[in-house]
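Reading the structure
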Amino acid sequence: MAEDALKDVPDGVPGGVPGGGAAERRDLAVRAAVGQGLVGGDDGAEALVCLLDADGIEASAAALRAAFGAAVPPGTPVLHCFAVKAAPLVPVLRLLSAAGIGCEAASAGELALARAAGVGADRTVLDSPAKTRAELREALALGIAVNADNAQELDRIDALMASAPSRSPLGLRVNTQAGAGAIASTSTATATSKFGFALRDPGAREAVVAAYLARPWLTRLHTHAGSQGVPLALSAQGVREVFELAEEVNAAAGRRQIDTIDIGGGLPVDTGSDDTGPTYAEYVRVLREVVPGLFSGRYGLVTEFGRSLLARHGLVLSRVEYTKSSGGRAIAVTHAGVQVATRTVYAGASWPLRILAYDAKGVPRGGDALVPQDVAGPACFSGDLLAEARPLPLLRPGDVIAVPGTGAYFFTAHYAYNSLLRPPVHAFRSTPDGLRFTLVRPAQTLSDLLQEAGARHRDALLHGARSSPAGV
Ligand SMILES: *Cc1c(COP(=O)(O)O)cnc(C)c1O
């Protein structure tokens, strides 16, 4: 491929949305959400809503496809799958699917969401460290690609393949043990990671090669090299090691047995700023330097990005309910807490979030002196804070705070502490008449909550209660 083709790859996305800077577009969305009564005062408006920028998601999907598309020879199969866990919302999966992105699922629930979104089996990949026999049987019957995590899972697949043919592309997930990133809990390539066949353990590499040679139907090789906190160079190093393993397997097999390399996801997003880097184009540039063979056209490619497709396009809005002072510290009590930002509340140093202040009409609170404030959530434990001693204009009851960078793994991964209801999610798009909102996920209702909390089985634990059939 000509080197200069890369120059055509749109840069500045994720985050960059055609027709305006991220901050201006966000201000517009807050103003419109308040103006249209989606969030705000006590007059029936929600105290807490979540927004997704549908134009932004499409722009990120287009940037992903363009970056890889420009780097491979024409005709090379490239399948981009969205890691469903980052934003398990059917309309989002459907939007991404329409933008040419399939699904990476890691549970029966995520598979069901992908299917509900109309994502075909040929554009779905199942990865999970704990697939049950039933899940494997279903995936193989449907023709969904499966990456086996360990030798025992491979035994199960052997049995299924012996009993019925499958058109599922099958592969092994390997852990290159290339090293940890800055955040231990999301580092996949550590020496002792729970994921995949650990490649550097004594005898492991030989065993993996032998596993391929014994199974002509193993045609893929998978790693999820990066994650939040993992530098691009380290992710690329992991991909290179997987590429070299594919070459070794194919040399030993004397044919191109492995025809597709799945490089996983893991492009980090700095939720602490509007800075859009690193972009997909930058990642592709680093990959081309470190592992040029990946783009030779000799292998099909699969990717599984999650955070980088969605994070920047999500925004939490909450009304400030009360303000107070304690021990000299100003505190704003809001409705955005541990239920929508679990990682930030429990591990704030690794998952910092920005807090932006708006007035009750959704206008940015500019010009006021900044006062260190705790921004507290509604949950009943003292650590439920989205920010501590954060310099902000002194918040007032009725003001609105916005929390950007929350489109992946935040409100889409609701944490049901204190029976706090799942807030509604609306998506917005630019139209000639301004922003138009569409409901993506309705708010959880009290009646939903009661059902999920076993309200129908109210008397189940009373002595003398008639036993009800299981599952009813
Ligand atoms: C979580 C996950 C991804 C997505 O990771 P991001 O950091 O969100 O891009 C991709 N593949 C696998 C196997 C994962 O577990």
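The rules behind these values
For every chain, the first residue of the written sequence is number 1, and numbering continues from 1 along that sequence. It should be noted that, the model being predicted, local features are given only for residues of pLDDT at least 70 and side-chain atom pairs only at 80 or more, the latter also being counted only at that level, while totals for whole chains, interfaces and linings use all residues. No hydrogens and no water enter the side-chain calculation; it runs on all heavy atoms of the structure. Under the DSSP-based scheme used, a helix requires at least four consecutive residues in state H or I and a strand at least two consecutive residues in state E, with every element numbered from the N terminus. We compute the radius of gyration from the C-alpha atoms alone; for a globule the expected value is 2.2 Å times N to the 0.38, where N is the number of residues. Each residue is assigned to one of three classes by its accessible area relative to the maximum for its type, calculated with a 1.4 Å probe on protein chains only: buried under 20%, partly exposed between the two thresholds, exposed over 50%. Here, two residues are considered to be in contact whenever any of their heavy atoms come within 4.5 Å of each other. We get accessible surface area from the Shrake-Rupley algorithm with a probe of 1.4 Å; when it comes to residues, only the shown protein chains can shield them. Residues scored as charged are limited to Lys and Arg (positive) and Asp and Glu (negative), so that His and the chain ends carry no count. Lysine's charge is taken at NZ, arginine's at CZ, aspartate's at CG and glutamate's at CD. Under the rule applied, a polar contact is a pair of N or O atoms within 3.5 Å (in protein, one hydrogen donor and one hydrogen acceptor; residues adjacent in sequence only if both atoms are side-chain atoms). We define proximity as follows: a residue is near a molecule or strand when any one of its heavy atoms falls within 4 Å of that partner. Residues were grouped as follows: Ala, Val, Leu, Ile, Met, Phe, Trp, Tyr, Cys and Pro as nonpolar; Asp, Glu, Lys and Arg as charged; and all remaining residues, including Gly, as polar. Grouping buried Ala, Val, Leu, Ile, Met, Phe, Trp, Tyr and Cys residues that are joined through side-chain atoms within 4.5 Å yields what is termed a nonpolar core. Each domain's extent is set by a domain assignment, obtained either automatically or from a database. Per-residue confidence from the predictor is reported as pLDDT, which spans 0 to 100. The directions considered for the arc are those from the helix axis to the C-beta atoms. At least two bridges found by DSSP between two strands are what make those strands a pair. Seen with its strands pointing away from the viewer, a crossover is right-handed if its path from the first strand over the helix to the second goes clockwise. Side-chain rings of Phe, Tyr and Trp (the six-membered ring for Trp) are treated as a pair once their centres are within 6.5 Å; stacked means planes under 30 degrees apart, edge-to-face means over 60, and tilted covers the remaining angles. Values labelled buried area give the accessible surface lost by two parts on being combined, using a 1.4 Å probe and summing over both. Salt bridges are counted wherever a side-chain nitrogen of Lys or Arg sits within 4 Å of a carboxyl oxygen of Asp or Glu.

What to know about the overall build of the protein chain
Of regular secondary structure, the protein chain possesses 12 helices and 18 strands. Its C-alpha atoms give the protein chain a radius of gyration of 24 Å, within 12% of the compact-globule value 23 Å for 472 residues. With respect to the principal axes defined by its C-alpha atoms, the protein chain has extents near 75 × 70 × 45 Å. Counting only residues that meet the buried cut, the protein chain has 52% of its 472 residues in that class. For the protein chain, the proportion of contacts with a sequence separation of at least 24, taken over those separated by at least 6, is 70%. Just so you have it, the protein chain exposes about 20,100 Å², and 55% of that area is on carbon and sulfur atoms. Separation of charge centres in the protein chain, based on 44 positive and 47 negative side chains, amounts to 4 Å.

Here's the deal with the side chain of threonine 412
Note that threonine 412 resides in the loop between strand 16 (400-404) and strand 17 (425-431). Given the relative accessible area of 9%, threonine 412 is considered buried. For threonine 412, the side chain forms a polar contact with the main-chain oxygen of alanine 86, separated by 2.8 Å. A distance of 3.3 Å separates a polar atom in the side chain of threonine 412 from the backbone nitrogen of tyrosine 409. Apart from the residues lying within four places of it in its own chain, the contact partners of threonine 412 are Ala86, Ala87, Pro88, Leu89, Gly407 and Arg441.

Digging into the site of the ligand
Around the ligand sit 15 residues in total, of which Lys85, Gly266, Glu304, Arg307 and Tyr409 are the nearest. At a separation of 2.9 Å, an oxygen atom of the ligand approaches a polar side-chain atom of lysine 85. Tallied by class, residues from the shell around the ligand come to three nonpolar, six polar and six charged.

Some details on the nonpolar core
If you look at the biggest cluster of nonpolar residues, it comprises 105 residues, and the most contacted ones within it are Phe68 and Leu310. Ranked by the residues each element gives to this core, the list is headed by helix 8 (residues 232-253), at eight residues. Domain assignment of the residues forming this core places at least three in each of domain 1 (13-53 + 311-451) and domain 2 (71-305). Not counting the four nearest positions on each side in its chain, leucine 310 is found in contact with Leu52, Ile57, Phe82, Ala87, Val92, Leu96, Gly407 and Ala408. Counting residues in each nonpolar core, the second largest holds 17 residues, with Ala32, Ala33, Leu315 and Phe437 among its members.

Let's talk about the confidence of the model for the protein chain
For the protein chain, the mean per-residue pLDDT works out to 92, and 93% of the residues sit at or above 70. Overall, residues 1-19 carries pLDDT values under 50, and its contacts beyond four positions in sequence, including any with other chains, amount to 46 contacts.

Describing helix 7 (residues 204-214)
Ala204, Val208, Val209, Ala211 and Tyr212 are the residues of helix 7 that are buried. Burial along helix 7 is one-sided: seen end-on, the buried residues are contained in an arc of 155 degrees. Along helix 7, the residues that are exposed and aim more than 90 degrees away from the buried face are Glu206 and Ala214. Structurally, helix 7 contributes buried residues whose contacts are with helix 6 (151-163), strand 6 (170-175), strand 7 (197-198), strand 8 (218-222) and helix 8.

Side note on the environment of valine 92
One can find valine 92 in helix 3 (residues 90-98). Distance in space between the C-alpha atoms of valine 92 and leucine 310 is 9.4 Å, their sequence separation being 218 residues. In this view, valine 92 contacts Leu52, Ala87, Leu310 and Val440; residues no more than four positions away in its chain are not counted.

Section: the pairing of strand 3 (residues 102-105)
Summarising the sheet, strand 2 (residues 78-83) and strand 3 pair through three bridges and their orientation is parallel. Residue pairing in the sheet places cysteine 81 in a bridge with glycine 102 of strand 3. For strand 3 and strand 4 (residues 124-126), the ladder comprises three bridges, and the chain directions are parallel. Residue pairing for strand 4: glutamate 104 is matched across the bridge by valine 125. What joins strand 3 to strand 4 is helix 4 (residues 108-116), and the crossover it makes is right-handed.

Digging into the packing of aromatic side chains
A complete count under the given rule lists 10 aromatic pairs for this structure. Here phenylalanine 243 and tyrosine 299 contribute two aromatic rings whose centre-to-centre distance is 5.6 Å and whose plane-to-plane angle is 70 degrees, an arrangement assigned as edge-to-face. Of this pair, phenylalanine 243 sits in helix 8 while tyrosine 299 sits in the loop between helix 9 (280-290) and strand 10 (300-303); the two residues are 56 residues apart in sequence, bridging distant segments of the chain. Both residues of the pair, phenylalanine 243 and tyrosine 299, count as buried. For the pair tyrosine 346 and tyrosine 415, a centre-to-centre distance of 5.9 Å together with 85 degrees between the ring planes defines the contact as edge-to-face. Of the two residues, tyrosine 346 is situated in helix 11 (residues 342-346) and tyrosine 415 in the loop between strand 16 and strand 17; the sequence distance between them amounts to 69 residues. Owing to a relative accessible area of 46%, tyrosine 346 belongs among the partly exposed residues under this scheme. A relative accessible area of 29% places tyrosine 415 in the partly exposed class.

Focus: the domain arrangement of the protein chain
Split into domains, the protein chain comes out as domain 1 (13-53 + 311-451) and domain 2 (71-305). On a C-alpha basis, the centres of domain 1 and domain 2 stand 34 Å from each other. Facing the 25 residues of domain 1 at the interface are 21 residues of domain 2. Buried surface at the junction of domain 1 and domain 2, both sides included, amounts to about 1,800 Å², of which 61% is carbon and sulfur. Taken together, the connections running from domain 1 to domain 2 amount to two salt bridges.

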